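Structural characterization, general
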Amino acid sequence: MSFHEVRFPTALSFGSVGGPERRTEIVALTNGFEERNTPWAQARRRYDAGVSLRSLDDIGDLIAFFEARQGQLHGFRWKDWADYKSCPASVGVDYDDQVIALGDGSRVDFQLIKAYASGLASETRVITKPVAGTVRIGLQGDELQEGVHFALDTATGIVTFTSPPAVGEQVTAGFEFDVPVRFDTDRIQVSVASFKAGDVPQVPVVEVRL
């Protein structure tokens, strides 16, 4: 599946509508109870970029980006302004935002993850598209230096240590990240007259699994 390591213009994604989607299968039983199940291990995110278009120049930028991706054919990066950090939106990224693993004395590759917790429940999200220059890594409470202690693959979100952390050592990370997405349509319909009257086109975008 082809993926272009390019981000959708942030000026256009800012103001978009969207967020996580879950799929829940619910069966109502004859006794009034119900059974619930889900075939999805993780949420899938959907967005509408059309609502953020503010000018005819924005539409031009959108069409150029759409054509370069050949509609739904190629995936791309998307900044979800409501959820793009390893930490709360109001604070800066730090190296100990997320615990991503414990060392075992031999493993050197670690996947970036983000935990979502509420009460006793928690969900872990795999982060595959970190933003270059924002990733900070820590080991047992000390911040490490990229290029010296570890290397980062921004296309997969995998951190590779130069030497394996010792058994039980806590590997932490802080980062900004994008969502891997594609257009969910092969057609964009725009009417200049309608746009000037306040009618914006629908531009659906959906997360892809990599």
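Our subject in this report is the structure included herewith. The shown structure was predicted, so the numbers you read here are calculated from the model rather than taken from an experiment.

**Section: the overall build of the chain**
- Per the secondary structure count, the chain includes three helices and 17 strands.
- Along the three orthogonal principal directions, the C-alpha set of the chain runs to about 65 × 55 × 35 Å.
- Sorting the 210 residues of the chain into buried and exposed places 39% on the buried side.
- Considering only intrachain contacts with a sequence separation of at least 6, the fraction spanning at least 24 residues in the chain is 74%.
- By element, 50% of the accessible surface of the chain is carried by carbon and sulfur atoms, the whole surface being about 11500 Å².
- Of the side-chain charges in the chain, 21 are positive and 29 negative, and the distance between the mean point of each set is 5 Å.

**A few points about unusual backbone geometry**
- Its identity as a non-glycine residue notwithstanding, glutamine 70 has a phi of 55 degrees, on the positive side.
- Overall, glutamine 70 belongs to the partly exposed group, its relative accessible area being 48%.
- Phi is positive for glutamine 140, which is not a glycine, with a value near 55 degrees.
- On the secondary structure map, glutamine 140 appears in the loop between β11 (136–139) and β12 (142–143).

**Focus on the pattern of salt bridges**
- Per the stated rule, a full pass over the model turns up 14 salt bridges.
- In this structure, the salt-bridge partner of arginine 46 is aspartate 184, at a minimum N-O distance of 3.0 Å. Placement of the pair is arginine 46 in strand β5 (residues 44–48) and aspartate 184 in the loop between β16 (179–183) and α3 (192–196), with a sequence separation of 138 residues.
- For arginine 46, a relative accessible area of 33% gives the class partly exposed.
- A single salt-bridge network, built from bridges that share partners, covers Glu5, Arg7, Arg77, Lys129 and Asp178.

**Considering the nonpolar core**
- Ile100, Leu112, Ile137, Val159, Phe161, Val171 and Phe175 are the most contacted members of the largest nonpolar core, which totals 18 residues.
- Going through the elements one at a time, β7 (98–102), β11, β13 (150–153), β14 (158–161) and β15 (170–174) are the ones with two or more residues in this core.
- With near-sequence residues (within four places) excluded, valine 171 lies in contact with Gln98, Val99, Ile100, Ala101, Phe110, Gly138, Leu139, Phe161 and Pro165.
- Residues Ile59, Phe66, Val181 and Val205 belong to the second largest nonpolar core, which totals 17 residues.

**Regarding a nonpolar patch on the surface**
- The grouping of Val27, Leu29 and Phe33 at the surface amounts to a nonpolar patch, some 280 Å² of accessible area in total.
- Along the polypeptide, phenylalanine 33 turns up in the loop between β3 (25–28) and β4 (34–37).

**Brief notes about the packing of aromatic side chains**
- Using the criterion set out here, one finds 13 aromatic pairs in the structure.
- Arranged with centres 6.0 Å apart and planes meeting at 65 degrees, the rings of tryptophan 81 and tyrosine 84 form a pair that is edge-to-face.
- Owing to a relative accessible area of 15%, tyrosine 84 belongs among the buried residues under this scheme.
- Among the aromatic residues, those joined into a cluster by ring pairs are Phe8, Tyr47, Phe65, Phe66, Phe76, Trp78 and Phe183.
- Sitting over the face of the ring of tryptophan 81, lysine 79 holds its NZ or CZ atom 3.9 Å from the ring centroid.
- Its end group placed over the ring of phenylalanine 3, lysine 129 keeps NZ or CZ at 4.2 Å from the ring centre.

**Quick word on the sheet that holds β11**
- Read across the sheet, four strands follow the order β7-β15-β11-β12 without closing on themselves; strand pairing throughout is antiparallel. The open sheet terminates on both sides in strands that have one partner only, identified here as β7 and β12.
- Bridge count for β11 against β15 is four bridges, and the pairing is antiparallel. Looking at the pairing, leucine 139 lines up with valine 171 of β15.

Cut-offs used in this document
- Residues numbered from 1 in each chain as written.
- Predicted model: local features only at pLDDT ≥ 70, side-chain atom pairs only at ≥ 80, totals over all residues.
- Heavy atoms only, no water.
- Helix = DSSP H or I, 4+ residues; strand = E, 2+ residues; numbered from the N terminus.
- Buried < 20%, exposed > 50% of the residue type's maximum accessible area, 1.4 Å probe, protein only.
- Contact = heavy atoms within 4.5 Å.
- Areas by Shrake-Rupley, 256 points an atom, 1.4 Å probe, with all protein chains shown as cover.
- Lys, Arg positive; Asp, Glu negative; His and termini not counted.
- Charge placed at Lys NZ, Arg CZ, Asp CG, Glu CD.
- Salt bridge = Lys/Arg side-chain N within 4 Å of Asp/Glu carboxyl O.
- Core = buried A, V, L, I, M, F, W, Y, C linked by side-chain atoms within 4.5 Å.
- Patch = residues over 30% accessible without salt bridge, like charges linked within 9 Å, V, L, I, M, F, W, Y side chains within 5 Å.
- Phe/Tyr/Trp six-rings, centres within 6.5 Å; stacked < 30°, edge-to-face > 60°.
- Lys NZ or Arg CZ within 6 Å of the ring centre and 35° of its normal.
- Pairing = 2+ DSSP bridges.

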